[in-house]
Amino acid sequence: MADGGLHLAQPAWLWLLAALVPVALWRWRSAAKAARGPIHRYADPHLLPYLTGTREPAAGERWARLLHWAALWTLLVVALAGPRWDYVERPLLQSGDSLLILLDISRSMQVDDVAPSRLARARQEVADLIRQNRELRLGLIAFASVPLVISPVSEDPAAIRNALPALTTDLPELAGSRLLPALARAETLLEGLPPEGTRAILLISDGDFAEPGLLEQIAALAAQGIRLHTLGVGTTAGGQVPAPRGDWVLDRDGQPVRSRLDAAQLRALAKAGGGLYAEATYRDDDTLAILAAAAASPVSASLTDERARIWNERFYLPVLIVMALLLKHFRPRAPRRRGPERP
């Protein structure tokens, strides 16, 4: 068979053809059993139509019906197996730059100093990045006390877009906002990417972190060629942090905790990571600035030596044959004929 000849996309479906064997055996045994039924004690086979008023199909008719439905079943199974032949080859487009988003979903992101809340504004920023992006491979990690990989870095942002509505501050089981575990998880994901393009992390947060060693960890990532950009969400005036069951999160003195955008810390993190700091706005300036900074590789998009084989799918052909063979079953049925009249 030629390389471009008949292929099956899912040949495992052909195992369904084995179901025809027990069906044929059952049909043969039922016909044999019917031929020895109790009714044959009262009349010879050629007189039974006069006794019952109906005519049993002959053996040849039974097997013709079985072969008809077996042919339909075979055609449907072949369609499921995905017959295809002939193909074209296309070079793969390899994006060279990657951007892994770290989205803060800690409790402070529920503050409503930006409408409708910091987290809602942050989710909109991620959606804007997906909408405006033309060159980058994107990934997403949501984090609070522990990181949660929503999507590894890929060229298909559908998983990120679909998961955004489900990312809420109620998702983490433990309270807190720890950036170091999220950075370690991001480093693991980015280490496996091709080194030709740039690798960058975008932190979207209000900057409410109190962890020692953050600057050192980010500087170590920058030394590996992984830059960190930060996008601040919130205002310097801040607001009270809502509790999960209403009211407010209280401090040790019983007073409501107030969270403010820590722009100074986010700037320091971006500086240590060799990236830029921007504040989330309702315009596209911040989104475009982040995308331009992350897509700084001279090989941001290039054709590779690898080629994708695109087959011409033909699964619809057996389906069309099945539809044509089934048409006769939708014709109005003629009145049912009774057995021959008595002389």
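Okay, so let's go over this structure.

Criteria and cut-off values
- Residues numbered from 1 in each chain as written.
- Predicted model: local features only at pLDDT ≥ 70, side-chain atom pairs only at ≥ 80, totals over all residues.
- Heavy atoms only, no water.
- Patch = residues over 30% accessible without salt bridge, like charges linked within 9 Å, V, L, I, M, F, W, Y side chains within 5 Å.
- Areas by Shrake-Rupley, 256 points an atom, 1.4 Å probe, with all protein chains shown as cover.
- Salt bridge = Lys/Arg side-chain N within 4 Å of Asp/Glu carboxyl O.
- Helix = DSSP H or I, 4+ residues; strand = E, 2+ residues; numbered from the N terminus.
- Pairing = 2+ DSSP bridges.
- Axes fitted to C-alpha atoms, helices over the stretch in contact; angles between N-to-C directions.
- Contact = heavy atoms within 4.5 Å.
- Buried < 20%, exposed > 50% of the residue type's maximum accessible area, 1.4 Å probe, protein only.
- Arc of directions from axis to C-beta.
- Polar contact = N/O pair within 3.5 Å; in protein donor to acceptor, adjacent residues only side chain to side chain.
- Parallel < 35°, antiparallel > 145°, perpendicular 65-115°, else oblique.
- Left-handed = near helix turned anticlockwise from the far one by under 90°.
- Nonpolar A, V, L, I, M, F, W, Y, C, P; charged D, E, K, R; others polar.

**Description of a nonpolar patch on the surface**
Turning to step 1, where the next piece is worked out: A contiguous nonpolar surface patch, about 710 Å² in accessible area, is contributed by Leu-6, Trp-85, Phe-315, Tyr-316, Leu-317, Val-319, Leu-320 and Met-323.
Turning to step 2, where the next piece is worked out: Tallying contributions element by element places helix 10 (residues 316-326) first for the nonpolar patch, with 5 residues.
Turning to step 3, where the next piece is worked out: Mapped onto the secondary structure, Met-323 falls in helix 10.

**What to know about the sheet that holds strand 7 (residues 226-232)**
Turning to step 1, where the next piece is worked out: Read across the open sheet, the 6 strands follow the order 5-4-3-6-7-10; overall the sheet is mixed. Looking at which strands have only one partner, the edges of the open sheet turn out to be strand 5 (147-154) and strand 10 (274-279). Strand-to-strand, the axes of this sheet are offset by a mean angle of 15°, without reference to chain direction.
Turning to step 2, where the next piece is worked out: Sheet topology note: the strand 3 (residues 98-104)/strand 4 (residues 137-143) ladder contains 7 bridges and is parallel. Counted as the bridge partner of Ile-101 is Leu-140 from strand 4.
Turning to step 3, where the next piece is worked out: Where helix 4 (residues 118-132) meets the sheet, its contacts fall on strand 3, strand 4, strand 6 (199-205) and strand 7, and the angle it forms with strand 3 comes to roughly 165°.
Turning to step 4, where the next piece is worked out: Set on the sheet, helix 8 (residues 263-272) makes contact with strand 6, strand 7 and strand 10; between it and strand 10 the angle comes to about 155°.

**Some words on helix 9 (residues 285-294)**
Turn by turn, an α-helix covers 3.6 residues, leaving residues three or four places apart pointing in a common direction.
Turning to step 1, where the next piece is worked out: Looking only at helix 9, the buried set comprises Asp-286, Thr-287, Ile-290, Leu-291, Ala-293 and Ala-294. Each buried residue of helix 9 lies within a common arc of 165° when the element is viewed along its axis, so the set occupies one face.
Turning to step 2, where the next piece is worked out: On its buried face, helix 9 sits against strand 3, helix 4, strand 6, strand 7 and strand 10.

**Focus on the side chain of Asp-113**
Turning to step 1, where the next piece is worked out: On the secondary structure map, Asp-113 appears in the loop between strand 3 and helix 4.
Turning to step 2, where the next piece is worked out: Among the polar contacts listed, one links the side chain of Asp-113 to the side chain of Arg-118, at a separation of 2.9 Å.
Turning to step 3, where the next piece is worked out: A polar contact of 3.0 Å, which involves the side chain of Asp-113, links it to the backbone nitrogen of Thr-235.
Turning to step 4, where the next piece is worked out: In contact with Asp-113, other than residues within four places in its own chain, are Arg-118, Gly-234, Thr-235, Gly-238 and Gly-239.

**A closer look at the pattern of salt bridges**
Turning to step 1, where the next piece is worked out: One pass over the full model with this rule turns up 9 salt bridges.
Turning to step 2, where the next piece is worked out: Here Asp-285 makes a salt bridge to Arg-283, at a shortest N to O gap of 3.5 Å.

**Topic: the pairing of strand 6**
Turning to step 1, where the next piece is worked out: In terms of burial, strand 6 is largely enclosed, as 7 of its 7 residues are buried.
Turning to step 2, where the next piece is worked out: Taking every second residue as pointing to the same face, both faces of strand 6 are buried, with Arg-199, Ile-201, Leu-203 and Ser-205 on one and Ala-200, Leu-202 and Ile-204 on the other.
Turning to step 3, where the next piece is worked out: Note that strand 3 and strand 6 share 6 bridges and pair parallel. Opposite Leu-100, over in strand 6, you have Ile-201 as the bridge partner.
Turning to step 4, where the next piece is worked out: Where strand 6 and strand 7 come together, 7 bridges link them in parallel fashion. Residue Ser-205 lies in a different strand from strand 7, and its bridge partner there is Gly-232.

**Observations regarding the packing of helix 4 against helix 9**
Turning to step 1, where the next piece is worked out: Helix 9 packs onto helix 4 with a crossing angle of 60° between their chain directions and a minimal axis gap of 10 Å. In terms of their interaxial angle, helix 4 and helix 9 are classed as oblique. Read as a crossing pair, helix 4 and helix 9 show a hand that is right-handed. For the pair helix 4 and helix 9, the contacting residues are Glu-125, Asp-128, Leu-129 and Gln-132 in the first and Asp-286, Thr-287, Leu-288, Ile-290 and Leu-291 in the second.
Turning to step 2, where the next piece is worked out: Class assignment of the residues belonging to the contact of helix 4 with helix 9 gives a composition of 4 nonpolar, 2 polar and 3 charged.

**Observations concerning the packing of helix 6 (residues 179-191) against helix 7 (residues 214-223)**
Turning to step 1, where the next piece is worked out: For the pair helix 6 and helix 7, the least separation of the axes is 10 Å and the interaxial angle reads 10°. One element, helix 6, and the other, helix 7, form an angle in the roughly parallel class. Facing helix 6, whose interface residues are Leu-179, Leu-180, Leu-183 and Glu-187, helix 7 presents Leu-214, Gln-217, Ile-218 and Leu-221.
Turning to step 2, where the next piece is worked out: Looking at side-chain class alone, the contact of helix 6 with helix 7 contains 6 nonpolar, 1 polar and 1 charged residues.

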